[in-house]
Structures are given as structure tokens and as C-alpha cells.
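Spelled out, the chains give:
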Amino acid sequence: MAYQVSIFLENKTGHFERVTRVLRANKINIRSMTLTHTASGWGILNLLVDQPERAKEALQENGLSAALRQVLVFGMDDHPGGLDEILLQLAQAGLNFLNAYGRVLEDGKKALLIVDVEDYEAALELVAQNDLLPLGDEVVYGN
Amino acid sequence: MYWEKEFETLERAKLEKLQLERLKNTIRNAGNAPFYKELYQQEGVTADKLKHIDDIRQLPFTTKQDLRNHFPYGFLSRPKQEIIRLHSSSGTTGNPTVIFHNRHDISSWSNLMARSLFCAGIRDTDVFQNICGYGLFTGGLGFQYGIERLGCLSIPAGAGNSLRQIKLMQDYGTTVVHAIPSYLGRLYEVFQAEGLDPRRDTDLRLFVIGAEPHTEEQRQRIEELFGVKAFNSFGLSEMNGPGVAFECSHQAGLHIWEDAYLVEILDPETLEPVPDGEIGELVMTTLDREAMPLVRYRTRDLTRIIPGPCACGRTHARIDRIAGRSDDMFIIKGCNVFPMQVEGVLLKIPEVGSDYLITLENVNGVDEMIVEVEVRKNWFNGDVTRLDRLSRMITQQIRDEVLAKPIVKLVEPGSLPKSEGKAVRVRDNRVLDTVKI
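Residues numbered from 1 in each chain as written. Chains lettered and ligands numbered in written order. Predicted model: local features only at pLDDT ≥ 70, side-chain atom pairs only at ≥ 80, totals over all residues.

## What to know about helix 3 (residues 82-93) of chain A
What sets the pattern is the α-helix's 3.6 residues per turn: residues three or four places apart point alike.
Inference 1: Between its first and last C-alpha, helix 3 of chain A extends 17 Å over twelve residues, near the 16 Å set by a 1.5 Å rise per residue.
Inference 2: With its phi angle positive at about 90°, A:Gly94 sits one or two positions after the end of helix 3 of chain A. (Helix = DSSP H or I, 4+ residues; strand = E, 2+ residues; numbered from the N terminus. Expected span 1.5 Å × (residues − 1).)

Below you can see the structure in the form of C-alpha cells.
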């Protein structure tokens, strides 16, 4: 059970910094992130942080649209082909992503793949059937 | 060269005499409509009290709100079986503005329309392509009947589908086009994309443009791009639609047909007449409409009378192009839009807040309506597709309401001006010589 913090942002100068300012003031550490942009002038910032619940509340208190969103996190080896290995298994399981990003846990050894899907519960069932266990949040948020 | 010399060049004194006579008939006839019957009894208005056309100033005004309040039949002064057509404003919130016509009204409107087209230099030898929505919108059928009355070959092309419009022009040798000015920029782009030059590859010679505010510069640009003369048309659905006022070949203001309409220009605050040449609100009375006469209708359009006679010999007054509105209505893509309509749509969508900002902008030669709305904080869950769907749904619903397709932009909560007090709801960044009163 891991969460990312998703923030609705207009694509305007300084709006991203408004988010990081709040996180900085609240001593929240960012582990990984993605920023998407749509043609309609807005985008979504996805953050993997050490304290998602606190991050969401602090951002909301500062007038931002922030939501917690469940993500699936898988471990992989940090070497060439490591991502392909896990993606192959997920593809065989029939899993489709909305968004995905990664983070290195231990250089040259271990990395994480973070996957955002449309229907979290259905996806969880699908990976469980294929013996692909997502990682728990202590691994995901920790150092 | 006149369509109806006897009316168009009538001496002012005789014209005013005709107006008084027609005004009296109008007041008598209006007394049959439930709305005017009650109003005139209450105010003691009778046709016999009118001795001079200036006596119209003693009569009460009619507003758009009156039309809405007495929807649908409160303004009918003739039995329903006599009515043969209605035209109506768009809208799903509140009562639309509906105008009814009997056989006489359609005939008289068609004639005014033919007179207008003739006045701009269009003849029965022309091939006339009407690029304009048909249906409840008056620009389609209104022009159609006038084109036919004049005797041109009419092509009722309807709006949109630029490739097909170009094909029609080439297949039938179109010489005259009626369209809203902002569409013509788009049409020219399509000509270019097809490797065509309208000056070389068509027989176009004359455009009629209207239903949308535009500057003299925009007109000249259209004339240059297409190698045509472009003439200004003015009308409003409450006064039938197109055919109310039209430019003659001198392009020096729009002749407003005073045998059919009594024209006043009033200060919108004091409601007193302003001198010729000064801008005020156009207030109009129908003089030749039977089924639904309107007396002293406040159009909310701001314009001025151009002083002095026109070189063309027509004696009917000329009005200047519309300089703005005395209310918050704006026109986009030929559609009349009140900010309240957009607000009404947004209020019914729980995913967004009630604050909004409409920006009117000219994007690559096409006028666009950009509607910014705030996504509600507790609805947002981080899903991009859901936001995308919301944006499309709002676009569709506003389009259904006002008929013009908006560009919807979702913005962060709290970023728009708050609804308390006098928030600015519309920003018009189009280049217009508008005047604020």
C-alpha cells in the first residue's frame, strides 16, 4: 500500500515552486517525481515523498489541489535490462499504466518502479494472480 | 439604383408622416397583445394621442426581460393560427427570446432583406452563397428569403465545412457570400492550405458581413484577402434579424430602414435622446410588423446616427457600426452570449466551482471564447483522464447552451476573481473600437 501525492497545476511560471516551497517548509523529502502536461494548459505533478499524508495536508492548507493516489511499486535490479525484466512480467500479466516512474534505492543494486493505474484494486488482483508482489510503503518512502 | 425608390428616397417630411401613420397602427395593433393591452390600459396610452413621431417619447419601453417574462405568447397581437414561423434565441436556462411572424411579416422582412442586398450592389445575376446557420438563427432563413426575393441564384450552404464551401464556390461560380467576419479568416486559411487563391480561383466579388462586431481594419483585410468589397449588415432577432440596416455602395454607415423601424438613440442612463452624432443606446419600434409588434424596444446596442445625408440619395438615416453594449452581452462566432448563460451551466456541474472567467481572444484570425473554471479541491484525485473528460463535458454543455464552442481551461482553485462584489467575468482582448458608456 503506497501513495503518491498528485497535485493539479496550471502550466504557469512559478506554480511548481509553490509546491516545493510548502514541502520545504514542512521538511518533507521528495523521493521521486513526474510532471505531466496537457494541451489544455494544465498538468499534474506526481510526487513520491517520505510523508505523503502530511504533504497532502500541508499542500491543501496552502490552497493547492492535492490528492493521495494509490500506486503499485515493484522492486527491480539496478543494472541494464532491469526495467525491461519487470516490464516484461507486468505486460504478460496484462497490466496497463497511466503513468510510471522510478527511483534508485542502492546504486548498482536496487531500484523501484512506481506505477499509476486507472483501477488500483483490479490491478492489485491482476498482479497477485501472477505472483508479482508490490512492495510495502516502508520500502517505498524510506531512505 | 434603388430597390424601392419611392420608399428609399422619400423626403424626410413625408417619411415622418408615413412613420406617424404606421406608428399609430402599430400601437392599435399592439393593444391586442396581452402584454401591451395591460400596459397601455394602465398608462393610458392610445394611438389617437400621438400627433407627431416625437410623441413616442411618452410611451413606455419594452425590454428583453419583458419578452422573457411573457414567454411564449404574451406579445402576440394576432390569433395563433395566423402565425407561420418563429425564430428563437438559443439557451436551455430560462426563457428564450422568441419572435413570431405571420405571412405579412415574412413578406415584409424578405422585402427589406432584398432592399438591403440591392442597396449593397447585389443583383439578380449574382450567385449568392449563404454561409450561415439555418434553423432558429435568423441569419439563415432571413437571408435566404431576401436572396430569393431579389432573384439571385441562392446556395443555402449553411455554416462550417470549409472545403465544401470552397467546392460550392468553384462548382457554381459563387459571386456573393454572406458570413460572419471571424469565419472568413479561417476560410482563407483553408484556401491557402489547398493551394488556392480566392482572387484567382473564384468569381467572388462581394461579401456581406455581420452578426459580429468587427473593425474597419478587419473589413479591409477581408477585402484584400479575397479581392472583394465587403458590406456591413446589421440586424437583431427582436427586429426580425438581418435586414434592419445595411451599407450602400458608399460604405459610409448603415442605412436603417425607417419606413419599417422607428429609431431613437438614447442616453442609456437618463433615457433621454442624444443629439445626432453622439453615441447612445439604439431603441427601436417596429412599424410594419403585425404578429408581434415591439414598441420602444431597448436593443442595448450602442451606436450613433451619422449626421447629414448620404451621397447615394437615400433619405433613411445611417447608423455607425455597433460600438458596444449597454449590458454585459457579447457576440462570439455570431452567437449572442450573456455571461449568465455560462454561469448557469457551471452551477449545474458539481466538479467545478462557480467562479469563472471568460476571455475573448483572436487566435490565428479566429475569435475564440476561453472559459476558465476552477476544479473543486475535494473532487480532484490525481487522475488525468478524469480531468480530461470533465473538460470535454463542460465544453459540450456550454456549447449546447450558447451554440458557440468554447475553449475550456481548468485552473487551480482560488485563482479566479471571487464572485462577491463586482467580479470581472468577461475580458474582451479582441481588437475592437468599442466604446464604454
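## Examining the sheet that holds strand 12 (residues 297-303) of chain B
Inference 1: Taken in spatial order, the four strands make up an open sheet running 10-11-12-15 (chain B), and their pairing is antiparallel. Because the sheet does not close on itself, it has two edges, and the strands there are strand 10 (261-266) and strand 15 (324-325) of chain B. (Pairing = 2+ DSSP bridges.)

## What to know about the interface of chain A and chain B
Accessible area lost during the coming together of the parts is what is often quoted as the interface size.
Inference 1: Counting from both sides, the interface comprises 17 residues of chain A and, opposite them, 14 residues of chain B.
Inference 2: Top element by residues in the side of chain A that touches chain B is strand 1 (residues 2-10) of chain A. It accounts for four residues.
Inference 3: Looking at side-chain class alone, the side of chain A that touches chain B contains seven nonpolar, eight polar and two charged residues. (Contact = placed C-beta atoms within 7 Å. Nonpolar A, V, L, I, M, F, W, Y, C, P; charged D, E, K, R; others polar.)

## A short note on the domain arrangement of chain B
Residue and element names in this part refer to chain B.
Inference 1: Domain boundaries in chain B define domain 1 (5-327) and domain 2 (335-428).
Inference 2: Inter-centroid distance (C-alpha atoms) of domain 1 to domain 2 is 31 Å.
Inference 3: Contact residues are listed per partner, giving nine residues for domain 1 and eleven residues for domain 2.
Inference 4: Considering only residue class, the side of domain 1 that touches domain 2 consists of no nonpolar, seven polar and two charged. (Domains from an automatic or database assignment.)

## Observations concerning the domain arrangement of chain A
Residue and element names in this part refer to chain A.
Inference 1: Its domain assignment divides chain A into domain 1 (2-69) and domain 2 (70-141).
Inference 2: The centre of domain 1, based on its C-alpha atoms, is set 22 Å off from the matching centre of domain 2.
Inference 3: In this assembly, eleven residues from domain 1 lie in contact with twelve residues from domain 2.
Inference 4: When residues of the side of domain 1 that touches domain 2 are traced back to their parent elements, those giving at least two are strand 1, strand 2 (30-37) and strand 3 (42-49).
Inference 5: If you tally residues by element for the side of domain 1 that touches domain 2, the top one is strand 2, at four residues.
Inference 6: Of the residues assigned to the side of domain 1 that touches domain 2, the class counts are three nonpolar, five polar and three charged.

## Observations concerning helix 10 (residues 216-226) of chain B
Residue and element names in this part refer to chain B.
Inference 1: By the burial criterion, the buried members of helix 10 are Gln-218, Arg-219, Ile-222, Leu-225 and Phe-226. Looking down the long axis of helix 10, one finds its buried residues gathered within 130° of arc, a one-sided arrangement. Seen from the buried face of helix 10, the exposed residues on the opposite side, beyond 90 degrees, are Glu-216, Glu-217, Gln-220 and Glu-224.
Inference 2: Of the surrounding elements, those touching the buried residues of helix 10 are helix 8 (181-193), helix 9 (198-201), strand 6 (206-210) and strand 7 (229-236). (Buried ≥ 20, exposed ≤ 12 C-beta atoms within 10 Å, placed from the backbone. Arc of directions from axis to C-beta.)

## A few points about the environment of B:Leu112
All names here are of chain B.
Inference 1: Relative to the assigned elements, Leu-112 resides in helix 5 (residues 103-119).
Inference 2: Look at Leu-112 and you get buried, because 29 C-beta atoms sit within 10 Å.
Inference 3: In sequence terms Leu-112 and Gly-146 are 34 residues apart; their C-alpha atoms lie 7.5 Å from each other.
Inference 4: With residues near it in sequence (within four places) discarded, Leu-112 still touches Gly-243, Trp-257 and Ala-260.

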